[in-house]
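Structural features, examined
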Amino acid sequence: MTSWPRFTVARLKVLTVVGARPQFIKASAVSPVLRERADEVLVHTGQHYDESLSQVFFDELAIPRPDVSLAVGSGAHGAQTGAMLQALEPVMSAARPDYVLVYGDTNSTLAGALAAAKLLVPVAHVEAGLRSFNRAMPEEINRVLTDHVSSRLYCPTENAVENLAREGITAGVRLTGDVMEDAIRRVVPDPALLGQLGLRPGAYRLATVHRQENTDAPERLAGILAGLGRIPAPVVLPLHPRTRERAERFGLTALLDALLVIPPQPYRASLTLIGQADAVLTDSGGVQREAAVLGVPVYVLREETEWVELLRDARAVLVGADPVRIEEAVRARRARPRARVLDEDSPARRVVADLTA
Ligand code: UD1
């Protein structure tokens, strides 16, 4: 009798790079699905290192412990990205993955993509194709460069697919939907939180501010904080460490007195606060989508957004950093609450199915 040799098909090996808060959330949606079908090496660059911006998300979202932690920390853009590149290269060379998977648009995204591309490892980019068309934003540079070295481009929206096509990128592009929806779907609101903060559902506004364009320009930060002080109280502001530091440096802390300032919140608390707010004011891409998905009107504290779909039916309205514009828009209720049906299928599963096909 002939005995046939037993062939085992090697599982795909994916090295995932995360580093900042929104990437932990997206990885919490994709990693468990990916691990059903592939071997994952999880690398944390250490871009975010504060307990409240990093570890709390790993614990709360049951994200697997990183296999490698690079502890790169904060720094100027070039220094931070360069340190990540230098640290990632030997890790990727040793792991020899079939793909490097990156999320979003942070410096960790760009470093992961660039390190992989230089080693000729194909890059898969989740949240590909988003554009603000504002090259003064560090995130815009990160997005454009990452997309142009990626072989698999997972787009959250049709508009993102079109943006890529305009730049000549069509190969490897897939419309998967937004993996943040997988994460949002899993969270049950915390019934005790509002009471602990002395808030009532639908009777407060939630604000977040952390973008460099807003925090590092004193007049913009002053305008936003003044605008938040002019809309009906209470206004809850979970304060990013960078924003707190800049407010102190620019002598703006008196403007915080009108607001209910709390530390950066874990994911469940954050979704609870967003979901029950009367309105959300933010410069964060993630918070814009979370509010929109939960049917809460959004005022975007920027001059443009990558999530243009939200503007079309006034689920979101651009208000910039001018206090009068902010106050007028909120009081006139220019943004409209619209419940959104979540994607029935799982965007994270679509990503993994394509990557492992
Ligand atoms: C980064 C991303 C941004 C993303 C955000 C999510 C880039 C260019 N920006 O912005 O796209 O929306 O994460 O939160 O990658 N800091 C701390 N503790 C930390 C991390 C940062 O105090 O754990 C302070 C430091 O002063 C640091 C500053 O925040 O210099 C900025 O941190 P950085 O990671 O460079 O950018 P974010 O503003 O967090």
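Procedures and definitions
Residues numbered from 1 in each chain as written. Predicted model: local features only at pLDDT ≥ 70, side-chain atom pairs only at ≥ 80, totals over all residues. Heavy atoms only, no water. Buried < 20%, exposed > 50% of the residue type's maximum accessible area, 1.4 Å probe, protein only. Helix = DSSP H or I, 4+ residues; strand = E, 2+ residues; numbered from the N terminus. Arc of directions from axis to C-beta. Axes fitted to C-alpha atoms, helices over the stretch in contact; angles between N-to-C directions. Parallel < 35°, antiparallel > 145°, perpendicular 65-115°, else oblique. Left-handed = near helix turned anticlockwise from the far one by under 90°. Contact = heavy atoms within 4.5 Å. Nonpolar A, V, L, I, M, F, W, Y, C, P; charged D, E, K, R; others polar. Pairing = 2+ DSSP bridges.

**A word on helix α16 (residues 347-355)**
The set of residues buried in α16 consists of Pro347, Ala348, Val351, Val352, Asp354 and Leu355. End-on view of α16: buried residues confined to an arc of 165 degrees, all on one side of the axis.

**Quick notes on the packing of helix α3 (residues 77-95) against helix α4 (residues 107-118)**
Helices that pack against each other are described as a pair by the angle of their axes relative to one another and the distance between those axes. It is at 8 Å that the axes of α3 and α4 come closest, and there the two elements cross at 45 degrees. Relative to α4, α3 is oriented oblique. Handedness of the crossing formed by α3 with α4: right-handed. Taking contact as the criterion, the partners of His77, Gln80, Thr81, Met84, Leu85, Leu88 and Met92 in α3 are, on α4, Asn107, Ser108, Leu110, Ala111, Gly112, Leu114, Ala115 and Ala116. Tallied by class, residues from the contact of α3 with α4 come to nine nonpolar, six polar and no charged.

**Some words on the sheet that holds strand β5 (residues 123-126)**
One open sheet accounts for seven strands, arranged β3-β2-β1-β4-β5-β6-β7; its pairing is parallel. Two strands in the sheet have a free side with no partner beyond their single neighbour: β3 (68-69) and β7 (173-175). Here β5 pairs with strand β6 (residues 152-155) via three bridges, running parallel. Across the sheet, His125 pairs through a bridge with Leu153, a residue of β6. Packing of α3 onto the sheet brings it into contact with β1 (12-18), β2 (38-44), β3 and β4 (99-103), and relative to β1 it is tilted by some 165 degrees. Running at roughly 165 degrees to β6, α16 makes contact with β1, β4, β5, β6 and β7 of the sheet.

**Concerning the sheet that holds strand β12 (residues 298-300)**
Spatial ordering of the open sheet is given by β10-β9-β8-β11-β12-β13, a layout of six strands whose pairing is parallel. At either end of the open sheet lies a strand with only one pairing partner, and these are β10 (260-262) and β13 (316-318). Each neighbouring strand pair of the sheet contributes to a mean axis angle of 20 degrees, computed without reference to strand direction.

By themselves, these observations are geometric and do not establish any function.
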